[in-house]
Amino acid sequence: MFSYRHAFHAGGHADMLKHLVLIELIHYLQEKPGAITFIDTHAGAGIYKLQDGFSQVSKEAQLGIERLAAKVMPAFENLLQQVQFENQTEQLSIYPGSPFILARLLRPQDRLKLFELHPKEILILQGNVAQLPNAQQIDVYTSNGFSGLKALLPPLGRRGLILIDPAYEDKNDYRLLETTLAEGLQRFATGCFALWYPILPRRESIALVDRLKKVLANYSRPWLQAELRVANVPGERRLQASGMLIVNPPWTLKEKLALALPELKTALAQDSKASFHLSSAEV
Ligand code: SAM
């Protein structure tokens, strides 16, 4: 437990898929003026230095954000804009995690709730959030995001986006994701839930999406699933594919991702087996 540090993976291919989707969801929800509560149940450190030890060891950003930054594609524009905002120079040295992506896009009426459990990450997150000009709109909880979510649902005004992005270093995370989704829908059936998952050749991972879809069928909720594979090397220890399952997705999202995913696949492919998947279900 707690060996996972997101700094190793910041700006990698999984972040590209997750953060592209996240930004689309934020923009869609903010088309209406009503206040939104954004909840990030697994926040991480908030923002990352790409020249730091962790990032330099993994070099994941080189195959992720650095490749996207080299392509001028409309599909990546919103994400690149946010990354550029954090970087004062031409050189890409900073990558914003989901807390900073969310925080920078907050309007005065919106609120952000962040959970982080790692004893070191939480201190870094608190320090990073304190530097933000809108820190008073943000609550940081030193507690478990799976169990803490319930108490925040439904949010005031019943407008909310919940990002659930566990580390999956503990295999209980797969089961906890399922129960957290069910409990979340019980309290806030119309909420937009965005779940990130790794695609790994292990039992829990293979079974996960079907199990989540069963929960969604029980609550008659529509969903959209987007997956990106950057390589397919058998026996490889590094993550080669991941997905997002979006519950109660905006109606515009499928069309946007149908344009973005082929571009993302081309930009991030590490071998000829790179692929993407996009599917959805209405109620
Ligand atoms: N959402 C972040 C982003 O996109 O920038 C990345 C988050 S990282 C994948 C997962 C984080 O969840 C890690 O920092 C880990 O310490 C933290 N974590 C693990 N278990 C947790 C739990 N039960 N509640 C809250 N945070 C947890």
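In case you missed it, the structure is sitting above this.
Residues numbered from 1 in each chain as written. Predicted model: local features only at pLDDT ≥ 70, side-chain atom pairs only at ≥ 80, totals over all residues. Heavy atoms only, no water.

(A) Local environment of the environment of Q81. Locating Q81 in the fold gives a position in helix α4 (residues 77-86). For Q81 and G53, which are 28 residues apart along the polypeptide, the C-alpha to C-alpha distance reads 25 Å. (Helix = DSSP H or I, 4+ residues; strand = E, 2+ residues; numbered from the N terminus.)

(B) Spatial organisation of the pairing of strand β9 (residues 241-247). β9 sits mainly inside the fold: seven of its seven residues count as buried. As defined by bridge partners, strand β7 (residues 192-198) adjoins β9 across six bridges and the pair is classed as antiparallel. Across the sheet, residue A194 finds its bridge partner in β9, namely I246. Alignment of strand β8 (residues 223-229) against β9, held across seven bridges, turns out to be antiparallel. The residue of β9 that forms the bridge with E227 is G243. (Buried < 20%, exposed > 50% of the residue type's maximum accessible area, 1.4 Å probe, protein only. Pairing = 2+ DSSP bridges.)

(C) View of the sheet that holds β7. Taking strand neighbours across the sheet as the criterion, the eight strands line up as β5-β4-β1-β6-β7-β9-β8-β10 in an open arrangement whose pairing is mixed. Across the chains shown, the open sheet's two edge strands, defined by having one partner strand only, are β5 (138-141) and β10 (275-281). Between one strand and the next, the sheet's axes are offset by a mean angle of 10°, whatever the strand orientation. Where strand β1 (residues 37-40) lies against strand β4 (residues 111-115), four bridges are found, and the strand directions are parallel. (Axes fitted to C-alpha atoms, helices over the stretch in contact; angles between N-to-C directions.)

(D) Summary view of the side chain of S242. With respect to the secondary-structure elements, S242 resides in strand β9. Classification of S242 as buried rests on a relative accessible area of 1%. In this structure the side chain of S242 is engaged in a polar contact, spanning 3.3 Å, whose partner is the side chain of W196. (Polar contact = N/O pair within 3.5 Å; in protein donor to acceptor, adjacent residues only side chain to side chain.)

(E) Focus on the site of the ligand. Every one of the 21 residues lining the ligand counts as a neighbour, but H42, S98, E116, G145 and D165 are closest to it. With respect to the ligand, the backbone of L117 contributes an N or O atom lying 3.4 Å from a nitrogen atom. One nitrogen or oxygen atom from the main chain of G145 is found 2.8 Å from a nitrogen atom belonging to the ligand. Within the complex, the protein chains bury 97% of what would otherwise be the 600 Å² of accessible surface of the ligand. For the shell around the ligand, the secondary-structure elements that each account for two or more residues are α1 (13-29) and α7 (145-148). Taken together, the residues of the shell around the ligand break down into six nonpolar, 11 polar and four charged. (Near = heavy atom within 4 Å. Areas by Shrake-Rupley, 256 points an atom, 1.4 Å probe, with all protein chains shown as cover. Nonpolar A, V, L, I, M, F, W, Y, C, P; charged D, E, K, R; others polar.)

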